[in-house]
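For reference, the chains in residue letters:
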Amino acid sequence: MNDVNKYLKIARDAVIKPPSGNIEEKIINRISNIDNKDENLLDEKFLDFFEKSNSRLYQTAEKIRNNPGFFTVITITLIFIISFFVLIIKKLLDEGEKSVDELKLSSPENKTDKD
Amino acid sequence: MEKKNYGKKPREVDEKVLIAKSKSGDRAAFEELVRQFSKYVYTTAFFILRDAYEAEDVSQEVFVKVYLSLKGFRGLSSFKTWIRRLTVNTCIDRLRLHSKTLDKKISLEKMTEEYEIDLTGSGMSLEKSYFNKETVKEVLKIIVNLDENYRIPLILRDLQDYSYREIAELIDKPIGTVKTNIHRARKIIKDKLKE
């Protein structure tokens, strides 16, 4: 099956030359003769497609729906990274508070009070 | 001041410039876009519809739609992706409309005689890959002759990069059926290549 996949991958770049002649010129001629009737081609289906292809929200949602596994891994990794930093910050703050308490305890004022 | 586009492929830069010019009404720029993408659109339509004239008709329709709507194109995806999706949608609509009359098979002989398959864009060196190219052409002929239930999902998945979910939505079939049909289509190709 690997060979088939390899050939299919190459086949993506294949181009067929139309037997009836130059397709480019036909399209260009067609565009030169566009009239009001052609507006009908922009039907409801096309407008729906057009709206979706211009919507960043829709595009992102599609990317997530197409790769749910990838986005789950990214989300879990982000949660871990954020949790890690929160823990470190909390630890640093706790240590800071401890050292302030220790400083207070070892200050001369406290010593004289005890004496 | 001139904008510099370091790190971008020339084609990508060209494409963006051409789209910008076309949006502002430059007809020559749009014609250049037609020259760059018409064969790609035609090929996509041909593999789905299996009819040269229908493929031509769809190609013209797609470019008319692009011409009429390009001003509103925001470029969130590449132009190639956009035009590819538009072509596939137009072809699927045609298949739905003429599902019974349109499903024509093209014989392998006819395909070899009348249709020239060009693989110059595949980036393979000629000497090294002569055998590969011949096999790829053979693969494409097999694909064209596959039954619609196998051909469309296989083309969308392996040649057009659609996800299984998108294919299922597009052709209105369960995702399991789509996966099975694609697997079977690949197996048919493998078996025929062995013959």
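Everything that follows concerns the structure shown earlier in this document.
This write-up is about the structure you can find in this document. Keep in mind it's a predicted model, so treat the numbers as computed, not measured.

Cut-offs and rules
Residues numbered from 1 in each chain as written. Chains lettered and ligands numbered in written order. Predicted model: local features only at pLDDT ≥ 70, side-chain atom pairs only at ≥ 80, totals over all residues. Heavy atoms only, no water. Axes fitted to C-alpha atoms, helices over the stretch in contact; angles between N-to-C directions. Helix = DSSP H or I, 4+ residues; strand = E, 2+ residues; numbered from the N terminus. Parallel < 35°, antiparallel > 145°, perpendicular 65-115°, else oblique. Left-handed = near helix turned anticlockwise from the far one by under 90°. Contact = heavy atoms within 4.5 Å. Nonpolar A, V, L, I, M, F, W, Y, C, P; charged D, E, K, R; others polar. Buried area = accessible area lost by both parts, 1.4 Å probe. Salt bridge = Lys/Arg side-chain N within 4 Å of Asp/Glu carboxyl O.

**A closer look at the packing of helix α2 (residues 23-32) of chain A against helix α3 (residues 52-69) of chain B**
- The N-to-C vectors of α2 of chain A and α3 of chain B enclose an angle of 45°; their axes lie 9 Å apart at closest approach. Comparing their axes, α3 of chain B and α2 of chain A come out oblique. You can see that α2 of chain A and α3 of chain B cross each other, and the crossing is right-handed. Where α2 of chain A approaches α3 of chain B, its residues I23, K26, I27, R30 and I31 of chain A are matched on the opposing element by E56, S59, Q60, F63, V64 and Y67 of chain B.
- Residue composition of the contact of α2 of chain A with α3 of chain B, grouped by class: 6 nonpolar, 2 polar and 3 charged.

**Here's the deal with the interface of chain B and chain A**
- Counting residues at the interface gives 66 residues for chain B and 43 residues for chain A.
- Together, the buried faces of chain B and chain A total about 5200 Å²; carbon and sulfur atoms form 66% of this surface.
- Looking only at chain B, the three residues that lose the most surface to chain A are K39, L68 and L76 of chain B, adding up to 11% of its buried area.
- Connecting chain B to chain A are 6 salt bridges.
- Put simply, R165 of chain B and E62 of chain A hold a salt bridge, and the shortest N to O gap is 3.0 Å.

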